[in-house]
Structures are given as C-alpha cells and as structure tokens.
Amino acid sequence: MSRTYEGGRSGKGKKFAIVVSRFNEFITNRLLEGATDALVRQEVAESDIEIAWVPGSFEIPLAARRMAESGRFAAVVCLGAVIRGQTTHFDYVAGECARGISQVAAATGIPAIFGVITADNLEQAIDRAGARQGNRGAEAALAAIEMASLLAQLPAAEGRAPARTP
Ligand code: INI
C-alpha cells in the first residue's frame, strides 16, 4: 500500500509572514489584500499574520530570510511586481528576486512562496493583481498554507528534528 502526503487547506493555528515590496505599490497593495484575505478565509487569525515592507522586489529575499530564520512562521509569502516596460534591469531584478526566494526556502527549510508578478506592462500586472486573471497574492497565500501543512506531515530528514514552527 502506498502512502500519499498532501497539504491541507486550513492555516488554523499557524503563523504566516508576508514580505511585500513598495515598488509598484498600486499593484502590491492589491496583492497584499488578496493574500491577507485568503489567509483569513482559510482560518488564519489576523494576529498570526506579520507584514514586512521592503523598498523593491530585489530586497525581498533578505527580509524573507530573516522572517524564515526567526523560526516563528510556518511560511513566508513574498509579494512584489516587476514590470518590464518600466525598467531596463527587469531581468536582474526579477531573476535575483526569484532565485533569492527559492534560496530562502532551500536554506531555511521554511516555505518561501513566490507571489511576485513579472509582467510585460502595467495592464498585465493589474490583470494578475485581482482583475481578469485572479490575484497572485491570494494564490501565493494558498500555496503557503498548503506547503506549511504538507511540511508538517512529511518525515524529518534523518538525524534532524523537523523545523518547529507554530
Ligand atoms: N523593483 C520592483 O519591485 N519592481 C520593478 O519593476 C522595479 N523596477 O522597475 O526597477 C524595481 N526596482 C527596484 C529594485 O527592486 C530595488 O529596490 C532597487 O534596485 C534598490 O536595490
């Protein structure tokens, strides 16, 4: 008989960190709203959500790592918006942000969720921030809950205690 692990849909009793970029705040405010609404709808207490603002998406990984290393959070949701039309260094900002966030998860064992919109223009970004194509922030929050729940079930690495998060 095989055994299957699958994350649940409730975040009850767990703490979540959100790191959100101020750059393109018009978009990221909508992502933040989507993320917090989704967490609360999935039974996370508002008092169990902590939010850190950073200047831009490039700075997200550092703050996310600090949150993850605190050991207080079941997952860190990272929110930002990098828009190609606005920058010649789109590829650097978007690439380093994505790489940095995945490194946070790999280094700490705490899920760090990529809720960063990378769009060609403002219209695309608006679509993904709650208009025509869902809300990337809400999707990231649901992914955070699922991963937190899954990790709580998966076996710990041999010789290592499982990460103790609330
Ligand atoms: N930061 C973003 O989050 N989105 C962008 O579209 C963006 N653009 O266009 O440049 C951006 N730049 C700022 C960057 O993230 C850093 O804050 C800055 O380079 C200081 O390190």
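What comes next concerns the included structure. Just so it is clear, the structure is predicted and the values come from calculations on it, not from any experiment.

A look at unusual backbone geometry
In step 1: In this model, Asn-24 sits at a positive phi of 60°, which is unusual for a non-glycine residue.
In step 2: Tracing the backbone through its elements, the reader meets Asn-24 in the loop between β1 (16-21) and α1 (25-41).
In step 3: Here Glu-43, not a glycine, exhibits a phi torsion of approximately 75°, which is positive.
In step 4: With respect to the helices and strands, Glu-43 occurs in the loop between α1 and β2 (49-54).
In step 5: Exposure remark for Glu-43: the relative accessible area of 44% places this residue in the partly exposed category.

Concerning the packing of α1 against helix α5 (residues 136-153)
Any two packed helices are characterised by the angle at which their axes cross and by the distance between the axes.
In step 1: Across the interface, α1 lies against α5 with an axial gap of 6 Å and an inter-helix angle of 40°. Seen from above, α1 lies across α5 with right-handed handedness. Together, Leu-31, Gly-34, Ala-35, Ala-38 and Leu-39 of α1 and Arg-136, Gly-137, Ala-138, Ala-141, Leu-142 and Ile-145 of α5 make up the contact between the two elements.
In step 2: When the residues that make up the contact of α1 with α5 are grouped by side-chain class, the tally is eight nonpolar, two polar and one charged.

Some points on the sheet that holds β1
In step 1: The strand order across the open sheet formed by four strands is β2-β1-β3-β4, and the pairing between neighbours is parallel. Single-partner strands in this sheet number two, and they are β2 and β4 (112-119). Shown here is a sheet whose adjacent strand axes are inclined to one another by a mean of 15°, direction ignored.
In step 2: When strand β3 (residues 75-83) meets β4, the two strands line up parallel, connected through eight bridges. The residue of β4 that forms the bridge with Leu-79 is Gly-115.
In step 3: With respect to the sheet, α1 is in contact with β1, β2, β3 and β4, its orientation differing from that of β2 by roughly 165°.
In step 4: Packing against the sheet, α5 makes contact with β1, β3 and β4, and its axis sits at approximately 160° to β4.

Brief notes about the environment of Phe-26
In step 1: Its place among the elements puts Phe-26 in helix α1.
In step 2: Placed 55 residues apart in sequence, Phe-26 and Ala-81 show a C-alpha to C-alpha distance of 9.5 Å.

Details of the side chain of Asn-24
In step 1: For Asn-24, a relative accessible area of 16% gives the class buried.
In step 2: A distance of 2.8 Å separates a polar atom in the side chain of Asn-24 from the backbone oxygen of Ala-81.

Considerations on the nonpolar core
In step 1: Formed by 28 residues in total, the largest nonpolar core has its most connected members in Phe-16, Ile-18, Ile-27, Leu-39, Leu-79 and Ile-117.
In step 2: Those elements that place two or more of their residues in this core are β1, α1, β3, β4 and α5.
In step 3: Setting aside anything within four residues of it in sequence, one finds Ile-18 in contact with Leu-32, Ala-35, Thr-36, Leu-39, Ile-49, Glu-50, Ile-51, Ala-52, Val-77 and Leu-79.
In step 4: Listed in part, the 22 residues of the second largest apolar core include Ala-52, Phe-73, Val-82 and Val-93.

Observations concerning the pattern of salt bridges
In step 1: Summed over all chains, the structure comprises ten salt bridges.
In step 2: The residue Asp-91 makes a salt bridge to Arg-84 at a minimum N-O spacing of 3.8 Å.
In step 3: The salt bridge partner of Arg-84 is Asp-120, with a shortest N-O separation of 3.3 Å. In this pair, Arg-84 sits in the loop between β3 and α3 (90-108) while Asp-120 sits in the loop between β4 and α4 (122-128), placing the two residues 36 residues apart along the sequence.
In step 4: A residue is classified by how much of its surface remains accessible, and Arg-84, at 37% relative accessible area, is partly exposed.
In step 5: Overall, the relative accessible area of 43% leaves Asp-120 in the partly exposed class.
In step 6: Each of Arg-84, Asp-91 and Asp-120 takes part in salt bridges that share partners, so that together they form one network.

Definitions and cut-offs
Each chain carries its own residue numbering, running from 1 in the written order of its sequence. Thresholds applied to this predicted model are a pLDDT of at least 70 for local features of residues and 80 or more for the giving and counting of side-chain atom pairs; totals over whole chains, interfaces and linings are not thresholded and use all residues. Side-chain metrics rest on all non-hydrogen atoms present in the structure, leaving aside hydrogens and water. In this text, helices come from DSSP runs of H or I with a minimum length of four residues, and strands from runs of E with a minimum of two, each type numbered from the N-terminal end. The cut-offs for exposure are 20% and 50% of the maximum accessible area for each residue type, with area from a 1.4 Å probe on protein chains only; residues under the lower value are buried, those over the upper are exposed, and the others partly exposed. Think of each axis as a best-fit line through the C-alpha atoms, taken over the contacting stretch in the case of a helix, with angles from 0 to 180 degrees between the N-to-C directions. The crossing is said to be left-handed when, going from far helix to near helix, the turn is anticlockwise and less than a right angle, and right-handed when the turn is clockwise. We call two residues in contact when some of their heavy atoms are within 4.5 Å. Put simply, Ala, Val, Leu, Ile, Met, Phe, Trp, Tyr, Cys and Pro go in the nonpolar bin, Asp, Glu, Lys and Arg in the charged bin, and everything else, Gly too, in the polar bin. One requirement defines pairing of two strands: DSSP has to find at least two bridges between them. Nitrogen and oxygen atoms within 3.5 Å of one another constitute a polar contact, given that in protein one can donate a hydrogen and the other can accept it, and given that sequence-neighbouring residues count only through two side-chain atoms. Think of a nonpolar core as a cluster: buried Ala, Val, Leu, Ile, Met, Phe, Trp, Tyr and Cys residues, connected wherever their side-chain atoms sit within 4.5 Å. The salt bridge definition used is simple: a Lys or Arg side-chain nitrogen within 4 Å of an Asp or Glu carboxyl oxygen.

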